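# Descriptive analysis of the structure
Listed below, chain by chain, are the residues.
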Amino acid sequence: MLTKKEKEEVVKNLTKKINESKGIFLTNIVGLDSEETLKMRKQLTEVNASIVVSRNTLIQRAAQGTACESFLKDLQGANALAFSKDDATAVAKILSNFGKIFNFVTLEKGFVEGQIVESSKLQMIAQLPSRNEMLGLLLATMMAPVSALARILHSISVQKQGE
């Protein structure tokens with residue numbers, strides 16, 4: 001049992017995470033063993049995210065006065081919150097993948113860019129490429145004309161040298 005001071009510290013830390021996050025995901029990880037939980041935490045850390053398991057009352061206290069207060073208002077059962085500081089899509093993808101492997105891991109709902117997002121839409125978001133993948137596609141698309149021009153100029157140069 002936590003003391004009052006410990007509870008206040010938990011609320012303070014949760015409030016900080018809530019305010020710093022671009023995306024917050026409500027999930028259930030009850031049933032994951034410690035090894036699998038560690039794998040999930042490691043994957044989340046790699047994308048600048050974290051996951052916290054706490055009592056619903058402490059989560060709700062931490063959310064008071066924040067933009068996501070209504071999102072975390074009526075929590076019931078065992079919950080965990082995943083916080084994304086950068087790429088919400090990557091976090092949704094990680095949680096969704098764990099849900100595919102372990103049926104008891106659920107992605108309940110999310111709070112992304114000030115909007116509450118239901119589970120079905122989160123599953124669609126999880127299918128999107130991550131931010132880095134999208135940047136790579138954009139760069140490849142932008143470089144294609146330059147690469148084509150370079151190949152043409154090179155072939156003209158080779159052709160002229162052969163004459």
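Scope of this entry: the structure provided in the associated data block. (Residues numbered from 1 in each chain as written. Predicted model: local features only at pLDDT ≥ 70, side-chain atom pairs only at ≥ 80, totals over all residues. Heavy atoms only, no water.)

## Some details on the packing of helix H1 (residues 4-20) against helix H3 (residues 56-63)
Look at H1 against H3: their axes get within 8 Å of each other, and the N-to-C directions meet at 55 degrees. The angle between H1 and H3 places the two elements in the oblique class. Regarding H1 and H3, the two cross each other, and that crossing is right-handed. Of the residues in H3, those in contact with Lys7, Val10, Val11, Leu14, Thr15 and Ile18 of H1 are Leu58, Ile59, Arg61, Ala62 and Ala63. Grouping the constituent residues of the contact of H1 with H3 by class yields eight nonpolar, one polar and two charged. (Axes fitted to C-alpha atoms, helices over the stretch in contact; angles between N-to-C directions. Helix = DSSP H or I, 4+ residues; strand = E, 2+ residues; numbered from the N terminus. Parallel < 35°, antiparallel > 145°, perpendicular 65-115°, else oblique. Left-handed = near helix turned anticlockwise from the far one by under 90°. Contact = heavy atoms within 4.5 Å. Nonpolar A, V, L, I, M, F, W, Y, C, P; charged D, E, K, R; others polar.)

## Observations concerning the environment of Asp87
Take Asp87: it is sitting in the loop between strand S3 (80-84) and helix H4 (88-101). Ignoring sequence-local partners within four residues, the contact set of Asp87 consists of Ser130 and Arg131.

## Overview of the sheet that holds strand S1 (residues 23-28)
Taken together, the five strands give an open sheet; going across it, the order is S2-S3-S1-S4-S5, and neighbouring strands pair in antiparallel fashion. Among the strands making up the open sheet, the edge pair consists of strand S2 (49-53) and strand S5 (115-118). Averaged over all adjacent pairs, the angle separating strand axes in this sheet is 20 degrees, with direction ignored. Alignment of S1 against S3, held across five bridges, turns out to be antiparallel. When the sheet's bridge partners are listed, Leu26 is paired in S3 with Leu81. Where H4 meets the sheet, it contacts S1, S2, S3 and strand S4 (106-112), and its direction lies at approximately 10 degrees from that of S1. (Pairing = 2+ DSSP bridges.)

## Focus: the nonpolar core
Counting 22 residues, the largest nonpolar core has Phe25, Met40, Ile51 and Leu95 as the members making the most contacts within it. When contributions to this core are tallied by element, the ones reaching two or more residues are helix H2 (34-46), S2, S3, H4, S4 and helix H5 (119-127). Among the elements that make up this core, the one with the highest residue count is H4 (six residues). (Core = buried A, V, L, I, M, F, W, Y, C linked by side-chain atoms within 4.5 Å. Buried < 20%, exposed > 50% of the residue type's maximum accessible area, 1.4 Å probe, protein only.)

## Thoughts on the packing of H4 against H5
Look at H4 against H5: their axes get within 8 Å of each other, and the N-to-C directions meet at 105 degrees. When the interaxial angle is binned, H4 and H5 end up roughly perpendicular. Contacts from Thr89, Ala92, Lys93, Ser96 and Lys100 in H4 reach Leu122, Gln123, Ile125, Ala126 and Gln127 in H5. Classifying every residue of the contact of H4 with H5 by side-chain character gives four nonpolar, four polar and two charged.

## Things to note about the side chain of Thr66
One can find Thr66 in the loop between H3 and S3. What Thr66 contacts, discounting residues up to four positions off in sequence, is Ile18 and Asn19.

## Let's talk about unusual backbone geometry
Backbone geometry places Asn48, a non-glycine residue, at a positive phi of 60 degrees. Tracing the chain through its elements places Asn48 in the loop between H2 and S2. The class of Asn48 is partly exposed, set by a relative accessible area of 36%. In the Ramachandran plot, Glu113 falls in the positive-phi region, its phi being about 50 degrees despite a non-glycine side chain. For Glu113, the position within the fold is in the loop between S4 and S5.

Worth remembering: the numbers are spatial, not functional.
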